[in-house]
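The primary structure of each chain is shown beneath.
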Amino acid sequence: MKKLFILLVFLFVIYFLFQISFSYFGKGHEIYYQLYDNEYQFEIKETFVSNYEKEKDSYYFEVSVNDKVFSFQTMHNFHKSSYIIKEIKYYHDEEYSCLLPIFVNDTIIYDVMCLENNKLIYYRDLSKTNSDLDNFVDNLDSSLYHKEIWEDRLEKTDATGSITVYAKNLIRNHHLVATNYRGLYTISKTNPDILINYTMFINDIYQRNIEGYTKNYYVIANYDAIDTINKFYIVDIKENKQEVINNYYDFSFNSYIQGSVDGSMYLYDLDSDTQYQIDAEKKDILEVGNKNTKIRFYENGKWKRLSVDEVRKNKPVFIYHAIDNDNFDRVDKFGHILSGYYYYYKKEGTKYKAYRSNVQNPDIMTYLFETSSIDDIIYLDDYVYYRDGNNVNYYHDSKGVKRVLNDTEYEFNKSLSFNAISN
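What counts and how
Residues numbered from 1 in each chain as written. Predicted model: local features only at pLDDT ≥ 70, side-chain atom pairs only at ≥ 80, totals over all residues. Heavy atoms only, no water. Helix = DSSP H or I, 4+ residues; strand = E, 2+ residues; numbered from the N terminus. Contact = heavy atoms within 4.5 Å. Areas by Shrake-Rupley, 256 points an atom, 1.4 Å probe, with all protein chains shown as cover. Lys, Arg positive; Asp, Glu negative; His and termini not counted. Charge placed at Lys NZ, Arg CZ, Asp CG, Glu CD. Pairing = 2+ DSSP bridges. Axes fitted to C-alpha atoms, helices over the stretch in contact; angles between N-to-C directions. pLDDT = per-residue confidence, 0-100. Salt bridge = Lys/Arg side-chain N within 4 Å of Asp/Glu carboxyl O. Buried < 20%, exposed > 50% of the residue type's maximum accessible area, 1.4 Å probe, protein only. Core = buried A, V, L, I, M, F, W, Y, C linked by side-chain atoms within 4.5 Å. Arc of directions from axis to C-beta. Polar contact = N/O pair within 3.5 Å; in protein donor to acceptor, adjacent residues only side chain to side chain.

Undergrad: I tried to follow the overall build of the protein chain on my own but got confused; where do I start?
TA: Within the protein chain, the secondary structure is distributed over three helices and 32 strands. Seen through its principal axes, the protein chain has C-alpha atoms that stretch 80 × 65 × 45 Å. Considering only residue pairs separated by 6 or more positions, the protein chain has 42% of its internal contacts joining residues 24 or more positions apart. By element, 47% of the accessible surface of the protein chain is carried by carbon and sulfur atoms, the whole surface being about 21,700 Å². Each charge sign in the protein chain was given a centre, from 48 positive and 63 negative side chains, and these centres are 5 Å apart.

Here is the structure:
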């Protein structure tokens, strides 16, 4: 009997270790389950993606109720658990069908989401438009659901010159850059001072085509030079270190940055019809294109070659996420097959409305925010940073829209840039 007991314990341990290994090293899961809220029954499809090359660990859900389908995705860390939606609160009238998913450990990631004309819109954008819906939200458990989470916190905490930073809205593992006329600011909660100013130039530089971002580096030509570019300045945004790359080539100021790929920035010199690769990490500069070899061009994950005449005529910049779509002013795909998003931007009046859908179900869009411009947009996992007038904001499902900085010079100079990276 003792040997049998030991054998059973051994088998149980082996089974337990197998389950742990499967959870942590497997490819995730796809499961179906049901939940109830009073008379409403919810059919839930939960898909967890894990350990795929180029994919982010993420959960994707489809919740069906009353012939309606709610689709949402999160990169929140639930430690590879399954059956993670534990409760759903549901509201329904002739105008809206709305639900609030409550996850394990009473975690709330999303605001109450409502279906309107087959688009999802969050309650924060519907507040005070429907009294019954307001009552439903007001009666949610106040220990779990807090409307103020999605309100912007605009206490000014750091300011210098034309720039103001709203430090309470900063994300701890995100590092921001905002350029100014003589250099740039790095902005992070992990900085010794949240706002650090790097002065690079003696004079104000109002237009600079020869600057860019690659991985965690900012790179810019020495604009104090008179005739040709004699060196580049590099700032490590995470480590707050400034360094120099001295040129082995003669660059003209009649050059522009085409884009960055795999940690390298690409410059095209229009005077010499030559393309250069600038590796900020290795502090190297290499010639990689000319009239004979043609010019390397990156478009949505693939390289091709363009003629010098085509580059001189159009001055093309690299394309990373863009998708042609006649119904929207801009469409981007960010991410991959199982854990990505489509972002849609459509002009309505003087503003652009921003929407998003999951790659697993592009038919269901979610309204995110509105902005004055779609030229400066940065995708960082499931965050979106964008410039709206003089403000730089971000959007995230669990936070809504938050302002991180304001620069009054944006009103006068559109060439000032910003960027965001993560650890």
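Undergrad: How do you make sense of the sheet that holds strand 30 (residues 391-396) when you look at a structure like this?
TA: In sheet architecture, strand pairing relies on hydrogen bonds along the backbone and comes in two forms, parallel and antiparallel. Pairing is antiparallel across the open sheet formed by six strands, whose spatial order is 9-10-31-30-29-28. Looking at the sheet topology across the chains shown, the edges are occupied by strand 9 (158-160) and strand 28 (377-380). Between one strand axis and the next, the sheet turns by 20° as a mean value, whatever way the strands run. Examined bridge by bridge, strand 29 (residues 383-388) and strand 30 share five bridges and lie antiparallel to one another.

Undergrad: Where do I start with the confidence of the model for the protein chain in this structure?
TA: Close reading of the predicted structure is inappropriate where its pLDDT is low. Overall, the predicted model of the protein chain reaches an average pLDDT of 91, with 94% of residues at or above 70. Segment residues 9-25 is flagged for pLDDT under 50; beyond a separation of four residues in sequence, or across chains, it makes six contacts in the model.

Undergrad: Honestly, the pattern of salt bridges in this entry has me stumped. Any pointers?
TA: If charged atoms from side chains of opposite charge come close, those side chains can pair. As enumerated under the stated definition, the model contains 16 salt bridges in all. Residue D388 pairs with K351 through a salt bridge whose shortest N-O separation is 2.8 Å. Remark: K351 occurs in strand 26 (residues 351-358) and D388 occurs in strand 29; sequence separation between them is 37 residues. Judged by relative accessible area, which is 15%, D388 ranks as buried. K351 gets classed as partly exposed once you look at its relative accessible area, which sits at 23%.

Undergrad: Can you help me understand the nonpolar core in this one?
TA: If you look at soluble globular proteins, the nonpolar side chains tend to sit buried side by side. If you look at the biggest cluster of nonpolar residues, it comprises 43 residues, and the most contacted ones within it are F70 and I85. Within the second largest apolar cluster, 31 residues are counted, among which are V177, A221, I234 and I257.

Undergrad: Help me out: how do you make sense of helix 2 (residues 131-138) in this one?
TA: Helical geometry note: an α-helix holds 3.6 residues per turn, so side chains three or four residues apart project in the same direction. Restricting attention to buried positions, one finds in helix 2 the residues L133, D134, F136 and V137. Angular distribution of buried residues about the axis of helix 2 spans 160°; they occupy a single face of the element. Structurally, helix 2 contributes buried residues whose contacts are with strand 5 (85-92), strand 6 (97-103) and strand 7 (113-116). For helix 2, the N-terminal cap is N130; the gap from its side-chain oxygen to the backbone nitrogen of D132 is 3.1 Å.

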